[in-house]
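A structural walkthrough
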Amino acid sequence: IYPSDTEPIWGYVRAVAYETEMGITEQLGQFIDYDKVVNKDGYPLKNATDAWRDALEMSLLAKSAAIPGWENRVLLLDRSLLPWAIGKELEEPANLHRSELLKARRRLVASVISMPNSNYLLNLIRVKVGEAQGTIHDWVLASKLLKDGERSAIFVHGSPQNKELLPYAEIHMFYLRAGDQILRVEIPAWVACDPDAVARVHASILEDCLNGYPISLMGAHNQARIQGAVSEE
């Protein structure tokens, strides 16, 4: 629930984690302090609630990574492993996001972006062969190159945010075709540098997919949805 510029409403965040077998570990919703979601003039700070949500979800992932017996589970998020909301006013949640990711070191951590509209693949082509005209989204190119169940090579993520991470945590990515859907899968370097770990992440996501999207993330979305009546209160 986002803060309002006409009423004193705090940002509210709820995060849910699922086991592969659909058992649920749930973190209750949290209120974010008002001064963390407004600027110095008291107006809602753009992207602040989302930045704190991402950081809290990464915190939940780190807690899940520490659960006894979960050492070999794939821990999956539905957005980038990098903190995407940047700027001096959002450095606090970005730092929390990065520090919580480091706590999950040596665990099978991954994130999924469905039908990515980024242009990373086209940019790679430009680097290799020179200027390429127009814009082609990654999901379009990947759908032409990959067969069902196949993944691409692994690339280092090109975001400037990657430079803020230690080398062993640098974010890598590959593209995966699941039916008619293209997924961009992001993994930290400690996974990317281990072929067996990459294979387990690849196989786990494919096994969990229904109509091209992981069932566990579908379930988490349904559990985390805030009902209209609740948001109005």
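Structure: above.
Described below are features of the structure shown in this document.

1. Comments concerning the nonpolar core
Ranked by internal contacts, the top residues of the largest apolar core, which has 35 residues, are V109, V112, V185, I187, V201 and I205. Contributions of two or more residues to this core are made by α1 (48-65), β3 (74-77), β4 (108-114), β6 (171-178), β7 (181-188), α5 (189-192) and α6 (195-208). Once residues within four sequence positions are removed from consideration, V201 is found in contact with V74, L108, A110, V185, I187 and V191. If you look at the next biggest cluster of nonpolar residues, it comprises 10 residues, including I32, V38, L45 and L56.

2. Here we look at the pairing of β4
The buried fraction of β4 amounts to 6 of the 7 residues, a majority that puts the element mostly inside the structure. In this sheet, β4 lies alongside β3 in parallel orientation, the contact comprising 4 bridges. Bridge assignment links L76 to a residue of β4, and that residue is A110. Assessed by its sense of winding, the connection that carries the chain from β3 through helix α2 (residues 91-103) to β4 is right-handed.

3. Comments concerning the packing of aromatic side chains
Scanning the model with the defined rule gives 0 aromatic pairs in all. Above the plane of the ring of Y168 lies R105, whose end atom (NZ or CZ) is 3.7 Å from the centre. The ring of F174 has R151 lying over it, and the distance from NZ or CZ to the ring centre is 5.5 Å.

4. Describing the pairing of β6
Most of β6 sits inside the fold, with 8 of its 8 residues counted as buried. Both strand β5 (residues 155-156) and β6 contribute to a ladder of 2 bridges, which runs antiparallel. The residue bridging V156 from the neighbouring strand is H172, located in β6. Linkage of β6 to β7, two consecutive antiparallel strands, is achieved through a turn of 2 residues, within which G179 is found at a positive phi near 65°.

5. Quick word on the environment of Y168
Relative to the helices and strands, Y168 resides in the loop between β5 and β6. By relative accessible area, Y168 is classed as partly exposed at 27%. With near-sequence residues (within four places) excluded, Y168 lies in contact with L102, R105, A189 and W190.

6. Let's talk about helix α4 (residues 138-145)
Considered for burial, the residues of α4 that qualify are D138, L141 and A142. When α4 is viewed along its axis, its buried side chains cluster within an angular range of 95° and face the same direction.

7. Observations concerning the sheet that holds β4
Spatial strand order, β3-β4-β7-β6-β5: 5 strands in an open sheet with mixed pairing. On the outer flanks of this sheet lie β3 and β5, each paired with one strand and no other.

8. Observations concerning the pattern of salt bridges
Under the counting rule described, the total for this entry stands at 9 salt bridges. Residue D78 pairs with R79 through a salt bridge whose shortest N-O separation is 3.3 Å. Using a relative accessible area of 22% as the deciding quantity, one classes D78 as partly exposed. Its salt-bridge partner being E91, residue R98 comes within 2.7 Å of it at the nearest N-O pair. Connected through shared salt-bridge partners, D50, R53, D54, E57, D78 and R79 make up one network.

Rules used in this analysis
Residues numbered from 1 in each chain as written. Predicted model: local features only at pLDDT ≥ 70, side-chain atom pairs only at ≥ 80, totals over all residues. Heavy atoms only, no water. Core = buried A, V, L, I, M, F, W, Y, C linked by side-chain atoms within 4.5 Å. Buried < 20%, exposed > 50% of the residue type's maximum accessible area, 1.4 Å probe, protein only. Helix = DSSP H or I, 4+ residues; strand = E, 2+ residues; numbered from the N terminus. Contact = heavy atoms within 4.5 Å. Pairing = 2+ DSSP bridges. Right-handed = clockwise from strand over helix to strand, strands pointing away. Phe/Tyr/Trp six-rings, centres within 6.5 Å; stacked < 30°, edge-to-face > 60°. Lys NZ or Arg CZ within 6 Å of the ring centre and 35° of its normal. Arc of directions from axis to C-beta. Salt bridge = Lys/Arg side-chain N within 4 Å of Asp/Glu carboxyl O.

Everything listed here is a matter of geometry and, on its own, says nothing about what the molecule does.
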